[in-house]
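Results of the structural survey
This is what each chain is made of:
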Amino acid sequence: MTPMMLAACDIKTAVPEFDYPKYKSETKWPKLSPTAELEQASDVDVEATIEEIEKLEALAQ
């Protein structure tokens, strides 16, 4: 493909009003875990997590 065609497919043009974060090589990403492992974790407060998700959903609307 030509560079012009690739530039036209830039993901950041899909939602121009969204403020995309700048890439930083030192960004610390969260550890990804299998769902089964997360379900067995004893240090996760499920109720607090559900409440946080509900708050975020309300803010998103």
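Residues numbered from 1 in each chain as written. Predicted model: local features only at pLDDT ≥ 70, side-chain atom pairs only at ≥ 80, totals over all residues. Heavy atoms only, no water.

**Quick notes on the overall build of the protein**
Each helix and strand in the protein was counted, giving three helices and zero strands. Scanning the protein from its N terminus toward the C terminus, one meets helices and strands in the order α-α-α. When the 61 residues of the protein are sorted by exposure, 0% land in the buried category. For the protein, the exposed surface amounts to about 6,400 Å²; the carbon and sulfur share of it is 62%. (Helix = DSSP H or I, 4+ residues; strand = E, 2+ residues; numbered from the N terminus. Buried < 20%, exposed > 50% of the residue type's maximum accessible area, 1.4 Å probe, protein only. Areas by Shrake-Rupley, 256 points an atom, 1.4 Å probe, with all protein chains shown as cover.)

**A word on a nonpolar patch on the surface**
A cluster of nonpolar residues, Val 44, Val 46 and Ile 50, forms a patch on the protein surface that exposes about 230 Å² of accessible area. Mapped onto the fold, Val 44 is located in the loop between helix 2 (35-40) and helix 3 (46-60). A relative accessible area of 43% means that Val 44 is categorised as partly exposed. (Patch = residues over 30% accessible without salt bridge, like charges linked within 9 Å, V, L, I, M, F, W, Y side chains within 5 Å. Salt bridge = Lys/Arg side-chain N within 4 Å of Asp/Glu carboxyl O.)

**Quick word on a negative patch on the surface**
On the surface, Asp 45, Glu 47, Glu 51, Glu 52, Glu 54 and Glu 57 cluster together into a negatively charged patch. Topologically, Glu 47 is positioned in helix 3. We classify Glu 47 as exposed; its relative accessible area is 53%. (Lys, Arg positive; Asp, Glu negative; His and termini not counted. Charge placed at Lys NZ, Arg CZ, Asp CG, Glu CD.)

**Details of the confidence of the model for the protein**
On average, the protein scores 76 in pLDDT, and the residues at 70 or more come to 80%. Taken element by element, the predicted model of the protein shows its lowest mean pLDDT in helix 1 (residues 3-8) (53) and its highest in helix 3 (88). (pLDDT = per-residue confidence, 0-100.)

**Things to note about helix 3**
Look at helix 3: 21 Å from first C-alpha to last across 15 residues, which is about the 21 Å you get at 1.5 Å a residue. Where helix 3 starts, the residue carrying a side-chain oxygen 3.4 Å from the main-chain nitrogen of Glu 47 turns out to be Asp 45. (Expected span 1.5 Å × (residues − 1). Polar contact = N/O pair within 3.5 Å; in protein donor to acceptor, adjacent residues only side chain to side chain.)

**Examining the pattern of salt bridges**
This structure, assessed with the given rule, holds one salt bridge. Linking Glu 37 and Lys 31 is a salt bridge whose minimum nitrogen-to-oxygen distance equals 3.3 Å. Under the relative-accessibility criterion, Lys 31 is labelled exposed at 64%.

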